Each structure stands twice: as C-alpha cells, then as structure tokens.
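# An overview of the molecular structure
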Amino acid sequence: ACPATARVTPSPFRVSETQWGYIDLSGAVVLPAVYKSIGLFENGLAGVTFADGSRGLIDKTGARIQFPAGLQLKARLDDGRFLTTSAGGKLSLVNANMTIAWTKTYEDVKHARLGGVSLLPAADNRLLVKQGGKWCVIDLAGNVLGSCSYWGLTGIGQGLLLGATTGGVVFLDLDGNVLTPARKDLFADGLQGSSNNSGEMCGYLGQQASGPIQSPP
C-alpha cells in the first residue's frame, strides 16, 4: 500500500457502479456519490461524468468548470490549458482563464504520447490530427509540422512517431521529419501494441519483428 502522504486527496469512493464520490484521508465524505464516473484530482481539477451523462471538470468544492458556450472538454494540458471540441469537428485550445487561443477543424485528434493520460504534457507540445482523411503533426500553436500525408500516425515513445503511407511504414520525429525510408517487410499484417511488465506501452510489433520497435531500424 502507498503511504498516506502519497495518496491523492480527495480520493474516489463508490456506492455502486454508477455512484461515485470523493473522501478525504480520514474517510470523511468530501463530495457525495452523485457522479456516474470520476477521475483523480490533478492540478486541483477532476474529470467526472454527471448524473445526466454529460462529462466535465469539477474543482475540489464540486463546482463545475464552465467552458465557453458549445465547447466540450477533449483533454487537459498540465500547464492549465484545455483542448475542447465543438460541432463540425472543431478543436479549440482554451487558456486557463477560459479565453480561446485558437480554433481549427479536424476529423480527429490525439496526443503524440502513448497511453491514456488524463493530463497531457504541454512540454511535448505536439498533437496528431486528421484532416482530409490523412494524419499530420501540429504544435500547440496550431502549426502543421511536416506533411499531412499519413493514413495512420501513432506515438511510440522516445520522441518517435510511426506513420503509415501507401509505400509502407516510416519513423518520424515529433517535428514531422521522416527518419527512415518506407518499409513494408516488418509490418505486413499490421501493428500490435507491445508493453513492458508495468503495462507501459513501449513500442509495436509487426509480423516479422522479433521485439518491440523502440527506435528506427
């Protein structure tokens, strides 16, 4: 067990599968079990699903964080900013004071780092976005890095991306620079995630690969 000083507080507790709340280190209820699902508090905020099925953020008093009209939370950055989505596939970067830094239209968006982190590291400063059916890299200013020419693009750790093209698979850095020639031999049957003993994603396996690909071959 973790020492008490290492525990996140308030900490989650549940009454049923769809009734979650928060307690303090003494076990006293801080926020009642009125949420369908909840996350841990990070930087003073937690992501929750409310009783009506909507999702959002609350502070430690239970107050809901209000975003500009029409915006839904997509992800949080660890510098206090937010990524939000809205109708028509629009992605917005929202500052901590709830002003909108920029809004762009994409078909899909994900982070360049592996894993389901609830707080995205702003220092990585990279997102993977899909537009016109192809994926590319952008920075947090909304600038496209490299070309939007990949039908698949995934972060594989160690500052690397794996991009799928009609000519095969290439390795890229986080600035969208292609590091290797396109190859089909390692990934003839597609990719399968590979993880270490701690469950951390550390690379990908292809049919012909002998181990996790963590750096350009």
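Going by the structure above, here's the rest.
We now turn to the structure provided with this report. These figures come from a predicted structure and were not determined experimentally.

Here we take up the overall build of the chain. Within the chain, the secondary structure is distributed over zero helices and 20 strands. Counting all 217 residues of the chain, 38% fall into the buried class. For the chain, the accessible area works out to roughly 11,200 Å², and carbon and sulfur atoms hold 51% of it.

With that settled, consider the pairing of strand 1 (residues 11–16). Summarising the sheet, strand 1 and strand 2 (residues 19–23) pair through five bridges and their orientation is antiparallel. The residue bridging Ser11 from the neighbouring strand is Ile23, located in strand 2. Hairpin connection of strand 1 to strand 2: two residues between the antiparallel strands.

Here we take up the sheet that holds strand 2. The strand order 1-2-3 describes an open sheet built from three strands, whose pairing is antiparallel. Looking at the sheet topology across the chains shown, the edges are occupied by strand 1 and strand 3 (29–35). Strand-to-strand twist in this sheet, taken as the mean axis angle between neighbours without regard to direction, amounts to 25°.

On to the state of the cysteines. Tallying each qualifying case throughout the model produces one disulfide. Residue pairing for Cys136: its cysteine sulfur links by disulfide to Cys148, the two sulfurs lying 2.0 Å apart. What sets the handedness of the Cys136 and Cys148 disulfide is the S-S torsion sign, and at about 50° it is right-handed. You can see Cys136 sitting in strand 14 (residues 134–139) and its partner Cys148 sitting in strand 15 (residues 144–150), a full twelve residues away along the chain. Looking at Cys136, the relative accessible area reads 0%, which means it is buried. In this structure Cys148 comes out as partly exposed when scored by relative accessible area, which is 27%.

Turning our attention to the sheet that holds strand 14. Note on sheets: strands pair through backbone hydrogen bonds, and any given pair is parallel or antiparallel. The antiparallel open sheet is built from four strands, whose spatial order is 11-13-14-15. The open sheet has two edge strands with one neighbour each: strand 11 (108–111) and strand 15. For this sheet, the mean angle separating the axes of adjacent strands, direction not counted, is 20°. Examined bridge by bridge, strand 13 (residues 126–131) and strand 14 share six bridges and lie antiparallel to one another. Note that in strand 14 the partner of Arg126 across the bridge is Asp139.

For the structure shown, the criterion picks out three aromatic pairs. Ring plane angle 85° and centroid distance 5.1 Å describe the contact between Phe67 and Phe82, whose orientation is recorded as edge-to-face. Placement of the pair is Phe67 in the loop between strand 6 (55–59) and strand 7 (72–77) and Phe82 in strand 8 (residues 82–86), with a sequence separation of 15 residues. A relative accessible area of 15% means that Phe67 is categorised as buried. When the ring centre of Trp135 is taken as origin, the NZ or CZ atom of Lys110, which lies over that ring, is 4.7 Å away.

Procedures and definitions
- Residues numbered from 1 in each chain as written.
- Predicted model: local features only at pLDDT ≥ 70, side-chain atom pairs only at ≥ 80, totals over all residues.
- Heavy atoms only, no water.
- Helix = DSSP H or I, 4+ residues; strand = E, 2+ residues; numbered from the N terminus.
- Buried < 20%, exposed > 50% of the residue type's maximum accessible area, 1.4 Å probe, protein only.
- Areas by Shrake-Rupley, 256 points an atom, 1.4 Å probe, with all protein chains shown as cover.
- Pairing = 2+ DSSP bridges.
- Axes fitted to C-alpha atoms, helices over the stretch in contact; angles between N-to-C directions.
- Disulfide = S-S within 2.5 Å.
- Phe/Tyr/Trp six-rings, centres within 6.5 Å; stacked < 30°, edge-to-face > 60°.
- Lys NZ or Arg CZ within 6 Å of the ring centre and 35° of its normal.

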